[in-house]
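Reading the structure
Given next are the chains, with one letter for each unit.
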Amino acid sequence: MKKVVNSLLAVAVASASGSLLAAGFALNEQSVSAMGTSFAGRSSSANDATTVYGNPAGMALLKGEQASVGAAVILAKTRIDDTSGSTPLTNQPLTGSNDGDMVPFTGVPMGFYVNPLNEQWTFGLGFYVPYGMITEYEKGFQGRFFGDYSEVNVVTLQPTLSYRVNDYLSLGFGPTFNRVEGRLETAALVDNGRIVIEGDDTAVGFNAGLLLELSERTRLGVTYHSMVDYRLEGKTSVSGIPAPVNGDYQTTLDLRTPEMIDSSITHQLNDRWTVYAGAAWTRWSRLQTIKPVSAFPVALEEKQHWNNSWSYATGVSYALSKDLTLRSGIAFDQSPTNNHERSPRIPSGDRVAISFGLGWTLSEQMSLDLAYSYLREEDTDIHLENPRKGSYSAVYKNSAHGLGAQLNYFF
C-alpha cells in the first residue's frame, strides 16, 4: 500500500479532473441516487441506504432492512494550451509535450447496509471512497519537473447508529476508519533523474448528522464530516541524479484531510414533484505547506496555501409513475487552489456541473438508480518557478463525464 508522502499530499489534496463533482481531491460519488440531482438534498433526502454517508440521521427514516451497492465511472478530458518552460539550474528553454488527458478512466465503488433495530435505533454500515485521484502525464511532459505521475486513494469503513428522538428530530453518528495510500513521481534536476515518493497510513474520524422534519413534506438536514489526522510513513526513492544521493530514504508526513459541513433542504411540492437545495463548506485551509520529514538532503517542501471553499447545488425530481422517478440538478464548486502555487498535479479551478438521473423500481425487493453528470471548469492558469525545478506555465481546460449505477435491495 502506497501513500502520498511528498507533494503527493498536494495531490491527495487535489483530485483535479479526477474528482467529478467535489473540489480539491474530495469525491462526491458515494451515492448514485444523489448524483442525479447533483447532490442537492444529500443531507436531507434519506432516499436509501447511502444516507449512511449523506446524513447518518437519515437512517431513522428508512423502512426495513436494505442495502445499496454501486459504482461511478469518471471520464475526464484536459486540453493544455499556451505552454512554456525552462530547465532546472541552467534556466534554458525546456521542450516537451503537453498532450493533456492525463486522468485515466476511473471507477469509484460504494456499498451501504441499513438495519432498523427497533422503533428508535437503526444500525448502518458504509464502505466508500471519500478522496481519490490519479494524474498520469506522458513521458517527456514539459512540466515533468513539477510532477508527472500522482495517485492517491482513501477507502473508508463507517459503522453507524441513528436515534429517532421524536416525530420531528433524528440524530446519527458513526466513526470512520480510513486507509490512505498513494504514489508520487517526478523528474529531478536532469531528465534521467527521478524521485518517487510513496507511503500509507490508517486513521480514525467520524461523521455525525441531524435531520429535522419541519412538516410532512419538508426536511432539513445537517451533516458534519470530521477532519482526519494522518501520519504517512513510507519512502523516497531517488535515482539517476549525478550525485551521491541516489537510494531510498524513510519519509514521514503529517496530513489532515479537512472537515466538511453539508446542509440541505428537501421539499415535496406534491405527489410528483420534489425540490432540493444544499450548500457545503470545506476547510481546505488546513493545507498550507507540504513538508515531509526525510533524510534526503534536498528539501521537499511545497507551499500550497489552499483556501476554504463552498459548494452549492439545487435539484428536482419528478415521479413519472409509481415505478419511475426522473431527476436533475446543477452544482457549483469553488476550487481551494490559488493562482500562485497551483501545479500540474492539481490544475483545478471553479467548476459547474449538471446532472440527470432516474430511479426505477424493478420489484418489491429491488430498485435501480442511474445517473449522468457533465462537469466543466473555468480555464486554469499555472505559473511556477523554482531554481531546482525550472519553470512551467500553461493554461488548463478541464471537463469530465460521469456515469453511475446503484442497485438497492430490500430484505
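Below: a short report on this structure. (Residues numbered from 1 in each chain as written. Predicted model: local features only at pLDDT ≥ 70, side-chain atom pairs only at ≥ 80, totals over all residues. Heavy atoms only, no water.)

1. Observations concerning the pattern of salt bridges
This model, assessed by the stated rule, comprises 18 salt bridges. A salt bridge links Arg183 to Glu185; its shortest N-O distance comes to 2.8 Å. Here Lys235 makes a salt bridge to Glu198, at a shortest N to O gap of 3.9 Å. Here Lys235, found in strand E8 (residues 228-239), pairs with Glu198, found in strand E6 (residues 190-213); they are 37 residues apart in sequence, far enough to count as distant. One salt-bridge network, held together by shared partners, links Asp148, Arg183, Glu185, Arg194, Glu198 and Lys235. (Salt bridge = Lys/Arg side-chain N within 4 Å of Asp/Glu carboxyl O. Helix = DSSP H or I, 4+ residues; strand = E, 2+ residues; numbered from the N terminus.)

2. Overview of unusual backbone geometry
Of note in the backbone geometry, Ser38 takes a positive phi value of approximately 55° without being a glycine. The topology assignment puts Ser38 in the loop between helix H2 (32-35) and helix H3 (51-54). A positive phi angle, close to 65°, is found at Phe39, a residue other than glycine. When you line up the elements, Phe39 lands in the loop between H2 and H3. Given the relative accessible area of 6%, Phe39 is considered buried. (Buried < 20%, exposed > 50% of the residue type's maximum accessible area, 1.4 Å probe, protein only.)

3. Side note on the layout of surface pockets
Empty space within the largest pocket amounts to approximately 820 Å³. Lining of the largest pocket is provided by 37 residues; of these, Ala46, Asn47, Tyr276, Thr325 and Arg327 occupy positions nearest its centre. At the level of elements, strand E7 (218-225), strand E10 (260-268), strand E11 (273-282), strand E15 (309-319), strand E16 (324-333), strand E17 (351-361), strand E18 (366-377) and strand E20 (390-410) are the ones that each hand at least two residues to the lining of the largest pocket. If one sorts the elements of the lining of the largest pocket by residue count, E18 sits on top with four residues. Of the residues assigned to the lining of the largest pocket, the class counts are twelve nonpolar, 15 polar and ten charged. (1 Å grid on protein atoms, 1.4 Å probe; cavity = no way out; pocket = protein on both sides within 12 Å on 5 of 7 lines; lining within 4 Å. Points joined across faces, edges and corners; volume = space filled by probe spheres on them. Nonpolar A, V, L, I, M, F, W, Y, C, P; charged D, E, K, R; others polar.)

4. Focus on the packing of aromatic side chains
Summed over the entire model, instances satisfying the criterion amount to twelve aromatic pairs. Ring geometry for Tyr131 against Trp284: centres 6.5 Å apart, planes inclined by 80°, an arrangement best described as edge-to-face. Of this pair, Tyr131 sits in strand E3 (residues 121-136) while Trp284 is found in the loop between E11 and strand E12 (289-290), placing the two residues 153 residues apart along the sequence. On the basis of relative accessibility, which here comes to 13%, the residue Tyr131 falls in the buried class. (Phe/Tyr/Trp six-rings, centres within 6.5 Å; stacked < 30°, edge-to-face > 60°.)

5. Section: the pairing of E3
Pairing of strand E2 (residues 106-116) with E3, which is carried by six bridges, proceeds in the antiparallel orientation. Residue pairing across strands places Phe112 opposite Gly126, the latter belonging to E3. The turn joining E2 and E3, which pair antiparallel and follow one another in sequence, is formed by four residues. Two strands pair when backbone bridges link them, and E3 and strand E4 (residues 149-164) are joined in this way by 14 bridges, in the antiparallel orientation. When the bridges of E4 are listed, Ile134 appears paired with Glu151. (Pairing = 2+ DSSP bridges.)

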